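So you can see what is in the structure, the chains are spelled out below.
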Amino acid sequence: MSNQRGAGVSGKQIEISEVGPRDGLQSISAIMATEDKKRWIAALANAGLREIEVGSFVPAKLLPQLADTAEIVRYARTLPGLTVAVLVPNARGAKDAIAAGAHKLTIPLSVSETHSLKNLRKTHEQVLEEVRQIRAQLDQLPAEQRPSFEGSLSTCFGCTLEGPVAEEAVLRLGEGLMKAGCDEVGLSDTTGYGNPVQVRRLIQLVWSHLGRDALNGVHLHNTRGQGLANVLAAVEAGITTVDASMGGIGGCPFAPGASGNIVTEDLVFLLEAMGYSTGVDVDRLMAAREVLARGLPDEPLFGFVPDAGLPKGFQYAEPEPEVVA
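So, a few notes on the structure that sits alongside this text. Everything numeric in this text was worked out from a predicted model, so none of it was measured. (Residues numbered from 1 in each chain as written. Predicted model: local features only at pLDDT ≥ 70, side-chain atom pairs only at ≥ 80, totals over all residues. Heavy atoms only, no water.)

**Describing the overall build of the protein**
Helix and strand counts for the protein come out as 12 helices and 10 strands. Relative to a compact globule of 325 residues, whose C-alpha radius of gyration would be 20 Å, the protein shows 19 Å and is just as compact. Taking the principal axes of its C-alpha atoms as reference, the protein extends roughly 55 × 45 × 40 Å. Across the 325 residues of the protein, 56% fall into the buried class. Across the protein, every contact between residues at least 6 apart in sequence was considered, and the portion connecting residues at least 24 apart equals 75%. Accessible surface, the protein: about 13,500 Å² in total, of which carbon and sulfur atoms supply 51%. (Helix = DSSP H or I, 4+ residues; strand = E, 2+ residues; numbered from the N terminus. Rg over C-alpha atoms; globule rule 2.2 N^0.38 Å. Buried < 20%, exposed > 50% of the residue type's maximum accessible area, 1.4 Å probe, protein only. Contact = heavy atoms within 4.5 Å. Areas by Shrake-Rupley, 256 points an atom, 1.4 Å probe, with all protein chains shown as cover.)

Set out below in structure tokens:
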């Protein structure tokens, strides 16, 4: 595979947030050994991924696959230049995440209240109250020590339990998250309902309603084969962060049929080939995939680029030059 960099087209930087160590591992029955997780995360960081969601602070009895998250966070903090992200379901989880040293906290708020009750066992208002409590915790910290705090609007494109989700509800709950104390919101296609037209429209609606700075990232699934098309719609609309999972592992264990994360390896190729710079080296990414395969030898890994390789003459995109004031 080509490592050539420097002759590609100039393009905007898109950050790929790798969610495999959380969203991927929580959805499979196998439990990856802690030391294997550390090797995998180190390999992902070595490939150029600058944000990795390394786990979730949920009770071990619910997700034993993520019982070692605190240890993983402390390890990931030692990797230079890495933003260590975690999911927290409530204020208690946020307290543990802060103690472990996470750089970024994400709390999910399902627009489908049925899914919220399945996923967090909480109503919308109960989740918003948890957000207020987390904000209070963060405000007690010195500004330079506060993790960033995102509210993920889950099932925002549709729900396998409720069906279609009203865009008005997405806007109302997004506003609720911001008022309760989130720094930003994210759009999450938890169940793979979204299509490119819908993705583009909802992004613009959120920006119009909450402001451009309130939304930077999306979490999209490939459940029905729309994943990369939806990514393209999102980045062309102006989104700058996209979640993906190495090998496409994972989904949502509390939403029937919600399989199919976007494959990180394929996403890197798509963006770089189009001139969007990701900062990710494909050869090193394949080395990380080998680490994952060794750690989960019985788990199928997906992706077209890992099978086909990079095309002859492939060139990485050049990042936009920094503007000097």
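Once you've had a look at it, read on.
**Structural notes on the packing of aromatic side chains**
Going through the model one piece at a time under the given rule, you end up with two aromatic pairs. Aromatic pair F269 and F314: ring centres 5.5 Å apart, planes at 35°, arrangement tilted. Of this pair, F269 sits in helix α10 (residues 264–274) while F314 sits in the loop between α12 (305–308) and β10 (318–319), placing them 45 residues apart in sequence. For F269, a relative accessible area of 25% translates into the label partly exposed. On the numbers, 5.3 Å between centres and 70° between planes, the contact of F314 with Y316 is edge-to-face. Of the two residues, F314 and Y316, both sit in the buried class. What links up through ring pairs into an aromatic cluster is the set F269, F314 and Y316. (Phe/Tyr/Trp six-rings, centres within 6.5 Å; stacked < 30°, edge-to-face > 60°.)

**What about unusual backbone geometry?**
In this structure, T155 takes a positive phi of about 50° despite not being glycine. You can see T155 is positioned in the loop between β6 (148–154) and α7 (167–180).

**Describing the sheet that holds strand β7 (residues 184–188)**
With parallel pairing, the eight strands of this closed barrel are ordered in space as β2-β3-β4-β5-β6-β7-β8-β9. Each strand of the sheet is rotated relative to its neighbour by a mean of 30°, with strand direction disregarded. Seen against the sheet, helix α6 (residues 124–139) touches β5 (104–110) and β6 and runs at an angle of roughly 165° to β5. (Pairing = 2+ DSSP bridges. Axes fitted to C-alpha atoms, helices over the stretch in contact; angles between N-to-C directions.)

**Things to note about helix α8 (residues 196–210)**
Each turn of an α-helix holds 3.6 residues, which means side chains three or four residues apart point in the same direction. Compared with the 21 Å implied by 1.5 Å per residue over 15 residues, the 21 Å span of α8 between its first and last C-alpha is a close match. Residues of α8 that are buried: Q198, V199, L202, I203, V206 and W207. Buried residues along α8 cover an arc of 160° about the axis, so they all sit on one side. Counted as exposed and oriented over 90 degrees from the buried face of α8: V197 and S208. Buried-residue contacts for α8 involve α7, β7, β8 (215–219) and α9 (227–237). For α8, the capping residue at the N-terminal end is N195, with a side-chain oxygen 3.1 Å from the backbone nitrogen of V197. Just downstream of α8, G211 is the residue with a positive phi angle, here 105°. (Expected span 1.5 Å × (residues − 1). Arc of directions from axis to C-beta. Polar contact = N/O pair within 3.5 Å; in protein donor to acceptor, adjacent residues only side chain to side chain.)

**Comments concerning helix α4 (residues 91–100)**
If you check which residues of α4 are buried, you get A91, G93, A94, A97 and A100. One side-chain oxygen at the N-terminal end of α4 lies 3.3 Å from the backbone nitrogen of R92; it belongs to N90. Looking one or two residues past α4, G101 carries a phi angle of roughly 105°, positive in sign.

**Observations regarding the environment of V131**
Assignment of secondary structure puts V131 in helix α6. Those residues in contact with V131, other than ones at most four positions away along the chain, are I107, F149, L177, A180, G181 and C182.

**Notes on the environment of R224**
Inspection of the secondary structure assignment puts R224 in the loop between β8 and α9. Apart from residues no more than four positions distant in its own chain, R224 is found in contact with T191, G192 and Y193.

**Thoughts on the pattern of salt bridges**
Counting across every chain of the model gives 17 salt bridges. Ionic pairing is found between E175 and K179, a salt bridge with its closest N-O pair at 3.1 Å. Separated by four residues within a single helix, E175 and K179 lie in helix α7, roughly one turn from each other. Its salt-bridge partner being R289, residue E265 comes within 2.6 Å of it at the nearest N-O pair. With E265 in helix α10 and R289 in helix α11 (residues 282–295), this pair connects stretches of sequence that are 24 residues apart. (Salt bridge = Lys/Arg side-chain N within 4 Å of Asp/Glu carboxyl O.)

**Here's the deal with the pairing of β8**
For β8, the buried fraction is high: four of the five residues fall into the buried class. As paired elements, β7 and β8 share four bridges and run parallel to each other. The residue bridging V185 from the neighbouring strand is L215, located in β8. Read as a crossover between parallel neighbours, the route from β7 over α8 to β8 is right-handed. Here two bridges tie β8 to strand β9 (residues 241–244), and the two strands are oriented parallel to one another. In the sheet register, G217 faces β9, and the bridge partner there is T241. At this point the chain moves from β8, through α9, to the parallel β9, and the crossover so formed is right-handed. (Right-handed = clockwise from strand over helix to strand, strands pointing away.)

Coordinates in, geometry out; function isn't part of it.
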